[in-house]
Each structure stands twice: as C-alpha cells, then as structure tokens.
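Coordinate analysis (summary)
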Number of protein chains: 2
Amino acid sequence: MASSSPQSAQNSLLKLENQLCFPFYAVSRLLTKAYQPLLHALDLTYPQYLVFLLLWEHGQLTVKELGERLLLDSGTLTPLLKRMEQKHWLSRRRDPRDERSVIIELLPAGRALEAQAGQIPVQMLDKMQMTPAEIAALRLTLNHLLTQLA
Amino acid sequence: MASSSPQSAQNSLLKLENQLCFPFYAVSRLLTKAYQPLLHALDLTYPQYLVFLLLWEHGQLTVKELGERLLLDSGTLTPLLKRMEQKHWLSRRRDPRDERSVIIELLPAGRALEAQAGQIPVQMLDKMQMTPAEIAALRLTLNHLLTQLA
DNA sequence: CAACAATAGATTGTACACAATTAAACATTA
DNA sequence: TAATGTTTAATTGTGTACAATCTATTGTTG
C-alpha cells in the first residue's frame with residue numbers, strides 16, 4: 001500500500017520536483033533574466049517594457065487601463081510610471097473630464113525606443129527554442145490558466 | 001503585402017496580446033496569489049513555502065543547495081531565511097567542516113507545518129482546472145524551458 | 001441638494017528578486 | 001608555505017509586487 005496510501009501520496013505532492021507551480025515561478029524569472037541583456041541596452045526593466053508595449057500600440061492609456069491589462073495595481077504602477085516619467089518617456093496628468101483618472105501619454109523619447117526594441121521578440125523566441133506547435137499549445141494552456149485564475 | 005512586410009510583422013510582435021512571455025509573468029503572479037489564502041493560514045509566503053518543501057523532504061540543506069534548487073541567490077535567500085529563523089521554523093549555522101557554508105536545518109515548529117500544508121497541492125490543482133493530459137504536456141514544456149533558459 | 005457609496009490613484013509597509021560588491025574561508029600551486 | 005585564486009554568504013542598492021489604508025473626485029439616492 002506504500003505509494004497509494006493517503007499519507008505517502010500527500011508527501012509526494014509536497015516534493016518540489018512534483019510541483020507544477022514552481023516551474024511557472026522559475027520560468028517566469030528566467031524569462032525576465034533572458035530579457036535583461038536586451039532591455040539593458042534600452043535602460044528598461046521588464047515591467048517597464050510591458051508598459052511600453054501598450055503605449056506603443058495605444059499612445060495613451062489611463063493608469064486603470066494599464067493595470068487591467070497588465071494585472072498590476074496602483075501600488076506597483078504609480079512608482080514605476082514616476083520613474084518612466086523622470087526619463088521623459090511618458091507624461092502623467094489628470095484627466096480634465098474626470099480628475100480621478102491619470103492619463104499616461106507616450107512622449108517622443110518613449111516613441112523613439114520602439115524601433116530599438118523591434119528585434120527583441122524574435123531574439124526571445126530564439127532563446128526559447130520551441131516549435132510552432134509547442135508555442136500554440138502553450139498559448140492555449142496559459143490563456144486557460146489566465147482566465148481560470150484572474 | 002501589408003501583414004507580411006518587415007515593419008508590420010515587427011509591430012505585431014510588439015503587441016502585448018501577441019507576447020508569449022507576458023502570460024508566464026501574469027500566470028506566475030496569479031498562481032502566487034492563488035496560494036496566498038492557503039499559505040496565509042500558515043503565516044507563510046510562497047517563496048518560504050518552497051523552502052519548506054525542500055526542508056520537509058531533506059531535513060537540512062545548505063544555502064547553496066537551496067539556491068541551486070530554487071534558482072535563487074543569497075541576496076534573496078539570506079533575508080528570507082533570517083525571517084524564517086526568527087519564527088523558529090529553522091536554524092542557521094556555519095558548517096564546522098567548511099565555515100563558508102551555512103546549514104539550514106528544519107526545527108520542530110517547521111516540521112509541524114508539514115501536516116497543515118498537506119492539502120495545499122490538491123487545492124491548487126483544483127483551482128487550476130486542468131486535465132491530466134494538459135498537465136503532462138505542460139510539464140514537458142516547462143521542463144524544456146527550464147533547461148533551455150537556466 | 002445633502003448624505004452616502006463607489007471609483008481612481010497615491011501612500012505605507014513588508015517581502016521578495018537580483019546585480020554588484022565585500023569578506024571570510026578554503027583550495028591550489030609555484 | 002606564501003601568494004593567488006575560488007567558493008560561499010552577507011551586504012548594499014534598486015526595482016518590483018501587493019495588502020491595507022487614505023484622499024480626492026464622481027456617482028447615486030432619498
């Protein structure tokens with residue numbers, strides 16, 4: 001009854017090597033580290049790069065909209081956006097039509113980074129060494145988990 | 001030629017929704033948040049839980065061994081382990097045979113948490129709502145990425 | 001319209017992460 | 001064995017994350 005007893009089954013699930021969540025945690029950090037040399041050339045951190053992905057596409061967004069899309073709250077975004085403002089990449093100003101909202105607008109210096117970042121996605125895909133089929137399957141699983149957990 | 005031109009292909013890869021790494025980043029944080037109510041009952045954070053998974057299995061490990069297995073360095077582990085030491089969950093002492101190493105040993109109060117944590121893995125699997133086939137495929141992909149990026 | 005509720009950000013405090021540096025102990029070798 | 005190099009943690013400094021709280025603004029309703 002060894003491996004099928006409740007006690008040992010429970011213990012085996014409490015081993016690091018049998019965890020499913022730890023690889024997510026580890027891969028997420030390793031991916032950020034893989035971005036690092038590419039982003040360092042642009043003086044960017046990974047969360048700041050994510051903000052830029054949204055601003056390059058939309059030009060301007062409120063803090064609330066950034067938070068909804070990145071799943072980050074103002075406690076994280078406010079200081080991060082202040083640092084990006086100090087580098088003149090974006091501007092922060094209250095929405096005159098609703099003074100509760102803060103509009104984050106891309107500035108020329110921030111727009112200029114888009115071209116420099118153009119090669120980053122392919123370089124990352126190269127580092128990951130995955131087949132298109134693997135990538136497609138992974139997208140499905142990650143999207144499932146996103147909707148399941150969000 | 002619109003969508004196949006280098007410029008637009010590059011731009012589409014710079015959209016958040018087309019990112020493969022962002023879902024990893026988001027899911028990893030959502031998983032940590034999903035653990036939170038379960039771990040809060042034990043007064044644990046997720047990284048501290050990971051340390052316990054190793055200590056419950058091995059009883060004692062050096063900081064170096066913990067770092068190798070969790071992919072964390074001393075800058076993260078030292079303060080984390082000091083907090084766990086303050087709660088009398090583990091002890092920190094230099095290895096007499098090699099004073100460079102610090103041995104982290106599980107204490108009774110830390111061992112006692114193992115039983116209370118026994119239900120956490122199944123509760124997390126329940127939250128994820130994945131089929132065994134999906135889980136198996138995901139394990140393969142995550143392990144591939146771990147070896148590819150580590 | 002006044003009271004109350006809801007919303008959007010900012011702030012505070014705690015805990016990671018990690019690059020870079022430092023310090024002590026151990027290993028190697030000329 | 002003395003000098004040099006390597007290894008292991010600790011330290012320092014910066015940047016997220018996030019819970020909890022606070023403030024100002026807007027919306028709702030009696």
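Refer to the structure above for everything that follows.
Considerations on the protein's contact with DNA strand C
- As a structural note, the neighbourhood of DNA strand C is formed by 28 residues, with A:Tyr25, A:Ser74, A:Thr78, A:Lys82 and B:Thr45 the closest of them.
- In this structure, a phosphate oxygen belonging to DNA strand C sits 2.5 Å away from a side-chain N or O atom of A:Thr78.
- With respect to DNA strand C, the side chain of B:Gln48 contributes an N or O atom lying 2.9 Å from a phosphate oxygen.
- Secondary-structure elements contributing two or more residues to the surface near DNA strand C are α2 (21-40), α4 (63-70), α5 (74-86), β2 (90-95) and β3 (98-106) of chain A together with α3 (46-58), α5 (74-86) and β3 (98-106) of chain B.

Concerning the environment of A:Arg139
- Within the element layout of this structure, A:Arg139 appears in helix α8 (residues 132-149).
- Spatially, the C-alpha atoms of A:Arg139 and A:Glu65 are 23 Å apart, while their sequence positions differ by 74 residues.
- Residues contacting A:Arg139, with those up to four places away along its chain left out, are B:Glu17, B:Asn18, B:Gln19 and B:Leu20.

A short note on the packing of helix α2 (residues 21-40) of chain B against helix α7 (residues 120-128) of chain B
Residue and element names in this part refer to chain B.
- The geometry of α2 relative to α7 is characterised by a closest axis approach of 11 Å and an angle of 135° between their N-to-C directions. Relative to α7, the element α2 is oriented oblique. In the packing of α2 onto α7, the handedness of the crossing is right-handed. Within the contact between the two elements, α2 uses Leu31, Ala34, Tyr35, Pro37, Leu38 and Leu39 and α7 uses Ile120, Gln123, Met124, Lys127 and Met128.
- By residue class, the composition of the contact of α2 with α7 is 9 nonpolar, 1 polar and 1 charged.

Details of the state of the cysteines
- Applying the stated criterion across every chain, the model contains 0 disulfides over all chains.
- There is no disulfide at B:Cys21, and the cysteine sulfur nearest it, in A:Cys21, is 19 Å away.
- The exposure class assigned to B:Cys21 is buried, which follows from its relative accessible area of 4%.

Looking at the interface of chain A and chain B
- Of the residues lining the interface, 58 residues belong to chain A; the matching set on chain B comes to 58 residues.
- Three residues, A:Leu14, A:Leu20 and A:Leu149, lead the burial of chain A against chain B; their summed loss comes to 13% of the area buried on that side.
- Counting the contacts that link chain A with chain B gives 0 salt bridges.
- Linking chain A to chain B there are 14 residue pairs in polar contact (both at pLDDT 80 or more).
- Elements that contribute at least two residues to the side of chain A that touches chain B include exactly α1 (6-13), α2, α3 (46-58), α4, α6 (108-117), α7 (120-128) and α8 of chain A.
- Ranked by residue count, the leading element in the side of chain A that touches chain B is α2(A), at 13 residues.
- Split into classes, the residues belonging to the side of chain A that touches chain B amount to 39 nonpolar, 11 polar and 8 charged.

The rules behind these values
- Residues numbered from 1 in each chain as written.
- Chains lettered and ligands numbered in written order.
- Predicted model: local features only at pLDDT ≥ 70, side-chain atom pairs only at ≥ 80, totals over all residues.
- Heavy atoms only, no water.
- Near = heavy atom within 4 Å.
- Polar contact = N/O pair within 3.5 Å; in protein donor to acceptor, adjacent residues only side chain to side chain.
- Helix = DSSP H or I, 4+ residues; strand = E, 2+ residues; numbered from the N terminus.
- Contact = heavy atoms within 4.5 Å.
- Axes fitted to C-alpha atoms, helices over the stretch in contact; angles between N-to-C directions.
- Parallel < 35°, antiparallel > 145°, perpendicular 65-115°, else oblique.
- Left-handed = near helix turned anticlockwise from the far one by under 90°.
- Nonpolar A, V, L, I, M, F, W, Y, C, P; charged D, E, K, R; others polar.
- Disulfide = S-S within 2.5 Å.
- Buried < 20%, exposed > 50% of the residue type's maximum accessible area, 1.4 Å probe, protein only.
- Buried area = accessible area lost by both parts, 1.4 Å probe.
- Salt bridge = Lys/Arg side-chain N within 4 Å of Asp/Glu carboxyl O.

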